[in-house]
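Structural overview
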Amino acid sequence: MTERANHMLTVKTVDRESQQKLYVQIFSIIKEKVETREWPIGSQIPTEDDLCKTYNVSKATVRMAIADLVRGGYLKKLQGKGTFVRRTKPDNRITMLIHLDDADLYENSTISRVIEQKTCRPSKVTGNHLHLADNDHCYFLSRLIIANGSPFCIQKVYVPYSLLADAIPAEAIRSVSPYCFLETFCGTKIKRIKEIADVAPAAKEDADLLELIPGTSVLRQHHICYADGDMPMSFSETLFRTEAQARTVEFERLRF
């Protein structure tokens, strides 16, 4: 059952004598509850009607505040389900929402070589992304992707061990996309994928696999896959040779 945020823990009131607009005050009140984790990540916030009654404001005022919080990345709205806490602070990176279809998830026309697979305790950063406790374990998979006979990238995937239902045959991790692998062995569908990209120097072990000089810059992509309800399914790091990952993106205005 989805956790609903308890808005009765602390109830601030709006100041009708203030020159600050009411919707800005409601925005600040909700934002504080999210940032202080009074309303935890993943919890459902009170309905618009409940917020109107609690703060004695109109539905239009509440909707304006929530819309700004959604745009800021604090909240997200799920059609037919309600509004949920997304994160405790905004993401300063540029965010693009892209339609995800099965072709994106399951296409895999490359050859891979498994470097390592094991059960381990994740680093603190990985554990935080996966919402794991300090003593929780992960399944870890590292593989080298080869394209046109040359090293293309290294994939390192962490999956909460509690999500894996069955033993994993070796062929499964060589021949399928990581997303197909997740859905097959975790028994749930991917709802959302968050990608974070930057440039980083390649460590010696990774550089050797990519046939690069240690310290050479590589394109690093982190992916966090979520199931319905924003349950993290995996955290991955992919390191690309920069010359192999050139891309062109076109933006077209749909309305003139």
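Rules and cut-offs
- Every chain's residues receive numbers from 1 upward, in the order its sequence appears when written.
- In keeping with the predicted nature of the model, local features appear solely for residues at pLDDT of at least 70, side-chain atom pairs appear and are counted solely at 80 or more, and the whole-chain, interface and lining totals rest on all residues.
- Just so you know, side-chain values use all the structure's heavy atoms and leave hydrogens and water out.
- An axis is simply a line fitted to the C-alpha atoms; with a helix, the fit covers only the stretch in contact. Between two such axes, the angle follows the N-to-C directions and lies from 0 to 180 degrees.
- Helix and strand assignments follow DSSP, with helices taken as H or I runs no shorter than four residues and strands as E runs no shorter than two, numbered in order from the N terminus.
- Under this scheme an angle from 65 to 115 degrees is roughly perpendicular, one under 35 degrees roughly parallel, and one over 145 degrees roughly antiparallel; angles in between are oblique.
- For a crossing to be left-handed, the near helix must be turned anticlockwise from the far one by less than a right angle; the clockwise case is right-handed.
- By the convention used here, residues are in contact when the closest approach between their heavy atoms is within 4.5 Å.
- Amino acids outside the nonpolar list (Ala, Val, Leu, Ile, Met, Phe, Trp, Tyr, Cys, Pro) and the charged list (Asp, Glu, Lys, Arg) are all regarded as polar, and Gly is one of them.
- Burial classes: relative accessible area under 20% of the type maximum marks a residue as buried, over 50% as exposed, and values in between as partly exposed (1.4 Å probe, protein chains only).
- The rule for a salt bridge is simple: a side-chain nitrogen of Lys or Arg has to be within 4 Å of a carboxyl oxygen of Asp or Glu.

1. A look at the packing of helix H2 (residues 48-55) against helix H3 (residues 59-71)
At their nearest, the axes of H2 and H3 sit 9 Å apart, and the two run at 115° to each other. Relative to H3, H2 is oriented roughly perpendicular. Judged by the twist between their axes, the crossing of H2 over H3 is right-handed. Here H2 contributes Glu48, Asp49, Leu51 and Cys52 to the contact with H3, which in turn contributes Lys59, Val62, Arg63 and Ile66. Per-class residue counts for the contact of H2 with H3 are four nonpolar, no polar and four charged.

2. Side note on unusual backbone geometry
The backbone phi angle of His131 is positive, close to 60°, even though this residue is not glycine. Its place among the elements puts His131 in the loop between helix H5 (124-129) and strand S4 (138-147). A positive phi angle is found at Glu211, which is not glycine, with a value near 60°. Locating Glu211 in the fold gives a position in the loop between helix H8 (204-210) and strand S7 (217-227). For Glu211, a relative accessible area of 58% translates into the label exposed.

3. Digging into the pattern of salt bridges
Following the criterion strictly, the structure yields nine salt bridges and no others. For the salt bridge of Arg220 with Asp198, the shortest nitrogen-to-oxygen distance reads 2.7 Å. One end of the pair, Arg220, is in strand S7; the other, Asp198, is in strand S6 (residues 192-201), and 22 residues separate them in sequence. Relative accessible area serves as the criterion here: at 23%, Arg220 is assigned to the partly exposed category. A single salt-bridge network, built from bridges that share partners, covers Glu48, Arg63 and Lys77.

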